[in-house]
2 protein chains.
Amino acid sequence: MRNTDYSGVRITDGFWLERQKTLREATADAVYDRFTDTHRFSALECTWREGDPHMPHIFWDSDVAKWIEGVAYLLKTEDNPKWRAIIERVTDLFIKNQDADGYFNSHFLVAEKDMRFKERGNHELYCLGHWIEGAVAYFEATGERRLLDAVCRFVDCVERIFKTERSAPFITPGHPELELALVRLWKTTGEARYFDLAKYFIDEHGANAEEPPPAQTYPQIFYNQDDMPVRARKTIEGHSVRALYLLSGMIDVARETNDEELADACKRMFENCTERKMYVTGGVGSLDDGEAFSDDYYLPGRTSYAETCAAISLAMAALRMQTIDENAKYADIAERVMYNGSISGISLDGKKFFYANAHEIDLDFNHVNKYNPRHDRFPKTERVEVFTCSCCPPNILRFIASISGYVLSESDDTVFVNQYMSSESDELDVITRYPADGNVLIKRKKKSKALAVRIPSWCRSFEISAEYELKNGYAFIKSCEDEIKITFDMPIRLVSANRRCHENAGRAAVMRGPVVYCAEGIDNFKDMQAAVIDKSAEFYLYDSEFFVPSIKTEVKLPKCDALYSDLEDVEYDSVSLKLIPYFAYANRGSSDMQIWFLHS
Amino acid sequence: MRNTDYSGVRITDGFWLERQKTLREATADAVYDRFTDTHRFSALECTWREGDPHMPHIFWDSDVAKWIEGVAYLLKTEDNPKWRAIIERVTDLFIKNQDADGYFNSHFLVAEKDMRFKERGNHELYCLGHWIEGAVAYFEATGERRLLDAVCRFVDCVERIFKTERSAPFITPGHPELELALVRLWKTTGEARYFDLAKYFIDEHGANAEEPPPAQTYPQIFYNQDDMPVRARKTIEGHSVRALYLLSGMIDVARETNDEELADACKRMFENCTERKMYVTGGVGSLDDGEAFSDDYYLPGRTSYAETCAAISLAMAALRMQTIDENAKYADIAERVMYNGSISGISLDGKKFFYANAHEIDLDFNHVNKYNPRHDRFPKTERVEVFTCSCCPPNILRFIASISGYVLSESDDTVFVNQYMSSESDELDVITRYPADGNVLIKRKKKSKALAVRIPSWCRSFEISAEYELKNGYAFIKSCEDEIKITFDMPIRLVSANRRCHENAGRAAVMRGPVVYCAEGIDNFKDMQAAVIDKSAEFYLYDSEFFVPSIKTEVKLPKCDALYSDLEDVEYDSVSLKLIPYFAYANRGSSDMQIWFLHS
C-alpha cells in the first residue's frame, strides 16, 4: 500500500476545510509574525555578533523551515504572493550565508563557530531535516527549486562528513527527523544516495551503543534513541517526538527495502506506543521530564505532557505503518490523533497554541502546586502565541495544511479510503459531514482499481450500499456502483481505560465517533471530579460552534458537608453536565477540564 | 474540664499495654542505640572542635530530650537502672557544659558560637521546650530534679534575653514547642513567671508581623507562624507540627486565662484542621514542601506527607481542646489519630519508623517518578531505623508511653471517660478489648463525681446498662451503679470523603470502629486501584496478629486487554480482597497499599 500524497486529494468542504481556512486567514501569518518578533527570521541574515542581543538559537532554523513547509502546502491550492516573497527571501539568505561546503545553521554560523558538528545534541541534523521538508514542499507547490538545490548542498556536506569520512565525533542525529526527510528528498529528486543516507542513519542508530546509558534521570537514558540498534527495539522509549520521527524513518526504510526484521521492530514499537502508552486523545509522551514516554499504562491526567508535536508525529508514524501492514488499525490511530490530541494544540481562532496538552485541569491542584519548587509539572491552562521552544505552532500548521494526505492509499489493485472528509481526487470524490455525523457518499470516477473503505474501530454498526467483504478493518467493495453510500452509526459511547491505568480506574470517557469529549468548569459546576455518569444515562446532542455537536446529560453529584461521612448517608444531587469536544477546550479562559468521569 | 495526667491512669491490658510492652522491650533501646550511633548522645559532651567529624546539629538536643521524656514515662511504672543511668549521665553533661548564664545547645556551644540566639530558625528555643518536657517527666517519674533545675536556669536565661531585655534579634520561637512546655513547667514548679513567659511568647507570635511574608514558596510564607497575631488566625497554615504545637500552647494559655478571643481562634484553627485538612487516618500536613498544611481538601494519597510528629501534635491539640470546650468531638479526633496516623509511624516490632506516612502506595507510580528530578515527593515504602532529622522516633515513643493521659478528664462535678482502654485510676477501672470489639465494662470506685462516657462519633448504635442523657457527644450517666456495661456496635463501615477531596471522589475507605483499614499488594492482586467494592458486599472478620481483626470481602475487578474499550464490553472478575489495619501496613516489605476503594 502506498499513500496518496496530500497534493493528490483536495478538500472541498467540512471540518478540515474550515480548519484550513483558519490556517490561511490566521495561523500562517500569526506564526510568521511571532517568529519575526522573536528574531527567528532575521537570524537567517547571519549578522549576529558576540555581544548583540537575540543570539540565534541552535534550533530556530527548524521553526522557519517548518513554517515554510506548512505554507507551501497552502500555496499548492492557492497562491499567496506575500508568503512566496518571504520564502524567496529566506532562500536568498540561506544561499548567501551557507558555507562553501554547504553547511547552514543560523546559530553555528555566527556563534560557537568551532562547535559545528561537535555534539549530537545540537540539533544541526534535525534542522537540516526540516529544511529538506520545507524545500521539498515549496518545490512541489511552486516548482521553485533554488532552496531545494541549496539544501541538497547541505545534505551533500552531511553525507561526506557523517558517512564517507565519518569524521564527526558522533554518527547519528541526536534528534531524529533527517532520516524521514532524506527518504522524502530521494522521492522528489530521484537521487538514490539520499535514500542510502537515510538507511545509513537508521542502521547506525545505536549500532555501537557507544554511549553507555548515562547515570542520569530515567527518561534521559533513551533520549537520543541511540541506546540500542533499531532492529532490537521491543518498546518505544525516551523523548516521544524523537522516538516517533525515528520510527517514521524506520518504516520508510523498511518499506523501501522490504526489511522484515526492521518492519517487525516498527510494529512492536507502534503497538507498545498505541496499546500501552497513548492517551485516549492520541496524545503520547506523558512525562514532562525528557518529554518522554513513560512506563506502560502510566498516563496521568493533571500532569500530562502530551506535546502537540508528539501527537502529530504519532499520526505521521501511523500513516506510514499502513504502507508496511495493510490494516485499518493504523488509520484508526491517525483518526484518533487528528480529531483530538493534535488539534487541541491550536486555538479555534488559529492564533494560539499548546505545547503540552492537559488531560485534566483541576485548578485547585494547580493552585496548591504553583508555589512548590518540586511540583509535578502541570500543563498550561491557556494557549499562548509563541514559546521559547516553539516547534509546535508550525508543526500543527503543516499537519493540518497537509491533512488530505491521510485520506487515500492504494495497492496494486485497490484504492483505500482511510479517512472521511469531503474531498476530490482522481479516483473518487467524497461527500460527508463526518465526524458531525457518520453518513458518507463516495462517487467513484476511475474504476481501474477495486475500492476498500475503512470501518472505524469505534463503529459497532454500519451500512454500506454495496456488497462488501471485511478484512483487516476494511470493507472491500465487491460491486462497482458509481456511488457508494455508507452510514456509520455514531452513538455516544462511554469508554473505559485498561485497569492498569490506575488514574482512570472506575472512570469513563465520553466519545462520539472518533471525537473525545470533555467538560469544562466554565460550562459546569464545581467538583466535576466527583460527578458520576450513570451507564444508562440519556445523552442529548445539541449544535455547537465546533462543527461536531456538543453533549448534555444528567449526572449525580454527592452532597456532603463533613470531611468524612458514612457512605450510606451520602445523598446525591442530579445536575446537568455539558460536554464539548476535547479539541475545543480552553478557548474561554482558564477552567477546570475533565475527560474521565466516574460512572455507576 | 481538666485532663487527668498519664500518671493518673495505669493501663492494665489490651491494645496499648501491648504497644507499651514493645516500647519497653524494643523501642526505647532501639532509639537510644541509633541516637548513640549517630552521635546525638556524645554531642552533649561538647568536645567537638572545628575539623572534627559529626558536628552536632542544631536540633539534636531535642531528639535526646524527647527520648528522655518517653523513657521517663516508662520509668514511672517500672524502673530501669540502665535508662536512669543514661539520663543521669545526660544530666551531668548538661550541667557541666551549660553556660554560666544557663544557655545550652550542643551545637552552638561548640560551633557557630557567635550565632547564639541570632536566628529564629535555629531551633534553640524549640530544643529548650523539649528539655523542659524531658526534665519535667523525669522529675515526675523519679523525683530527680537536677536536670529540671539546670533546665530552669536555661529558661531564666531565655526569660531575661527575650522578655526582660528583648535583646535578641527575634522575639518568638521559629519552631513553637517552648510555649506549651513552659505551661507544663509552671504546673510542675508552681513558678508563675514560667506561665507568664509562655503567654508572652503566645502573645508575641506575629504581634508585629515584623517579617512581611517573603516572596518565597507558598508553604514558607507561614512557616514560622509569625505572619499574624494568634488571635487573628482563621485557619491553620504552614508547617504542620509548628502550627499544632503553637495551637497547643495557645489552648493552654486560653484555658488558664479564660481568654475567649484566644479560645475562639483555637477553635477556628482546630476546625479548619480537622474538617478541611486531615486525612481519614488523622494524618495532617499533606505537603512535603514546608512539611505544611495545604489548601482545604487537598489530601493527595500517593504523595502524602503526613509526618508522624504532625499526627501526634494533632492528638496533643485535641487533648487540650476538650479543656476549653467540653465536647467529645475532640476525643474523637484524638482517637482517630491514636489508632491510625500516629502509630503507622512505628513498625510492629517497635524498631523502625516512618517520618512521612503514605496514604496510598502505587509502586508503579513510584517507579515512574523515581528518576524524575522534579517529581512530586512520595513517602518511603518501608520504615527505617533512624533519620537525619529524627524527630519522629522519640516522639512516637513519648506519645505511646503517655497514652493513658488520653483516658480521663474531669470537671468540678463530672469524670469523663474519653478513651476506652483497660486501665485503672482512682476514679474507675475499665475492662475492654476495645477497639477489637466495642464492649466496655466500667467499675466505679469513687463516686464523688458524676460519670460521663464518650459515644464515639463513628458509633451509630450502642447500649449502656444505666440511664443516661446525651450531651455534646457524651452520655452523662444519671444513675450510680458500681458497674456500667457499654456496648458500642462496631460494624464495618464504608466511609466517603467530601466531594471536594477530588482524589478520593467515587471512593470509600473501610473502617471498623476507629480503625481505618487498608489493603496491601502482598496480600492481594495487582491493580487494586481498579477494584470495586459493592456497597452491599458482605465483610468477614478474621483474627490477625494486629489485636484488631482483619477483614475479607469480594470485590469486582475489570477484565480487559485493550488500552481502551467500550464500557459496555468490560467484564468483571470477582476477587477476594484482604484488608488489614492501616497502622500495620508496610511491615512485610515494599508493597502497594490502598485505603480508598472504588465503590458501586
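Predicted model, so just to flag it, every value in this text is computed and none were measured. (Residues numbered from 1 in each chain as written. Chains lettered and ligands numbered in written order. Predicted model: local features only at pLDDT ≥ 70, side-chain atom pairs only at ≥ 80, totals over all residues.)

Considering the overall build of chain A
What counts, and what does not: What counts as a helix is a DSSP run of H or I of at least four residues, what counts as a strand is a run of E of at least two, and both are numbered from the N terminus. A radius of gyration in this sense is built from C-alpha atoms; the matching globule rule multiplies 2.2 Å by the number of residues raised to 0.38. To sort residues by exposure, count the other C-beta atoms lying within 10 Å of each residue's C-beta; 20 or more gives buried, 12 or fewer gives exposed, and values between give partly exposed, all with C-beta atoms placed from the backbone.
Within chain A, the regular secondary structure consists of 14 helices and 23 strands. Radius of gyration (C-alpha) of chain A: 24 Å, near the 25 Å computed for a compact globule of 600 residues. Counting only C-alpha atoms, chain A reaches 80 × 65 × 45 Å along its principal axes. Counting over 600 residues, chain A shows a buried share of 56%.

Quick word on the sheet that holds strand β2 (residues 9-11) of chain A
Residues and elements named next belong to chain A. Stated formally: The rule for pairing is simple: two strands pair if DSSP sees at least two bridges between them. Lines are fitted to the C-alpha atoms to define the axes, a helix being fitted only along its stretch in contact, and any angle between axes, read from their N-to-C directions, falls within 0 to 180 degrees.
Reading across from one edge, β2-β6-β7-β8-β13-β10 is the order of the six strands in this open sheet, with antiparallel pairing throughout. The two strands at the open ends of the sheet, each matched to only one other strand, are β2 and β10 (462-464). Going from strand to strand, the sheet's axes swing by 15° on average, the running direction of each strand aside.

A few points about the sheet that holds strand β4 (residues 408-410) of chain A
Residues and elements named next belong to chain A. Judged by pairing direction, the sheet is mixed, and its six strands sit side by side in the order β1-β4-β5-β9-β12-β11 without closing on themselves. Bordering the open sheet on either side are β1 (2-3) and β11 (468-471), each of which pairs with just one other strand. Where strand β9 (residues 450-454) and strand β12 (residues 474-477) come together, four bridges link them in antiparallel fashion. In the sheet register, R454 faces β12, and the bridge partner there is Y474.

Considerations on the domain arrangement of chain A
All names here are of chain A. Inclusion rule: Start and end positions for the domains come from either an automated domain assignment or a database one. Two residues form a contact once the distance between their C-beta atoms, set from the backbone, is within 7 Å. Following the grouping adopted for this structure description, the nonpolar residues are Ala, Val, Leu, Ile, Met, Phe, Trp, Tyr, Cys and Pro, the charged ones are Asp, Glu, Lys and Arg, and the polar ones are all others, Gly among them.
Under the domain assignment, chain A is made up of domain 1 (38-204), domain 2 (219-405), domain 3 (409-488) and domain 4 (492-599). The straight-line distance from the C-alpha centre of domain 3 to that of domain 4 is 34 Å. Each partner contributes residues to the interface: domain 3 has five residues there, and domain 4 has seven residues. Residues of the side of domain 3 that touches domain 4, tallied by class, amount to four nonpolar, one polar and no charged.

Here we look at the interface of chain B and chain A
Each partner contributes residues to the interface: chain B has 52 residues there, and chain A has 52 residues. Counting only elements with at least two residues in the side of chain B that touches chain A, the list comes to α9 (260-276), α12 (363-370), β14 (492-497), β19 (550-559), β20 (564-566) and β23 (596-599) of chain B. If you tally residues by element for the side of chain B that touches chain A, the top one is β14(B), at five residues. When its residues are assigned to classes, the side of chain B that touches chain A shows 23 nonpolar, 13 polar and 16 charged. Summarising the sheet, strand β14 (residues 492-497) of chain A and β20(B) pair through three bridges and their orientation is antiparallel. Each residue of the ladder has a partner; that of A:V495, found in β20(B), is B:D566.

Describing helix α4 (residues 124-142) of chain A
All names here are of chain A. The condition that has to hold: Any helix carries an expected span of 1.5 Å times its number of residues minus one.
In this model, α4 (19 residues) spans 27 Å end to end at C-alpha, consistent with the 27 Å of a helix rising 1.5 Å per residue. Across the 19 residues that make up α4, a large majority, 17, are buried. Phi turns positive, to about 80°, at G143, one or two residues after α4.

As for helix α3 (residues 81-97) of chain B
Residues and elements named next belong to chain B. Cut-off, in case you're wondering: Note that the arc is computed from the directions linking the helix axis to the C-beta atoms.
Along its 17 residues, α3 runs 24 Å from first to last C-alpha, staying within 8% of the 24 Å computed at 1.5 Å per residue. What α3 keeps buried is the set W83, I87, V90, T91 and F94. In a view along the axis of α3, the buried residues occupy a sector of 105°, so they form one face of it. Relative to its buried face, α3 has exposed residues pointing more than 90 degrees away, namely P81, K82, A85 and K96. Where α3 is buried, its residues contact α1 (15-37), α2 (60-77), α4 (124-142) and α5 (146-164).

A few points about the pairing of strand β16 (residues 515-520) of chain A
Within a regular beta strand, the side chains point alternately toward one face of the sheet and then the other, so they alternate between its two faces. Residues and elements named next belong to chain A. For β16, a buried count of six out of six residues is recorded, marking the element as mostly surrounded by other parts of the structure. Because side chains alternate across β16, one face comprises the buried residues V515, Y517 and A519, and the other comprises V516, C518 and E520, equally buried. Where strand β15 (residues 507-512) and β16 come together, two bridges link them in antiparallel fashion. Note on β16: the bridge partner recorded for M511 is V516. With antiparallel pairing between neighbouring strands as the criterion, β15 and β16 make up a hairpin whose turn holds two residues, including G513 at a positive phi of roughly 55°. Pairing of β16 with strand β21 (residues 571-581), which is carried by two bridges, proceeds in the antiparallel orientation. Across the sheet, Y517 pairs through a bridge with P581, a residue of β21. In terms of strand pairing, β16 meets strand β22 (residues 593-594) through two bridges, oriented antiparallel. Each bridged residue has a counterpart across the sheet, and for A519 the counterpart in β22 is Q594.

As for the pairing of strand β7 (residues 428-432) of chain A
Residues and elements named next belong to chain A. Judged by how many residues are buried, β7 sits mostly within the fold: four of five residues are covered. In the sheet, strand β6 (residues 423-425) pairs with β7 via two bridges, with the strands oriented antiparallel. Of the residues in β7, the one forming a bridge with E424 is D429. In this antiparallel pair of consecutive strands, β6 and β7, the connection spans two residues. The pairing of β7 with strand β8 (residues 439-444) spans five bridges and is antiparallel. Bridge pairing in β8 places T432 opposite V440.

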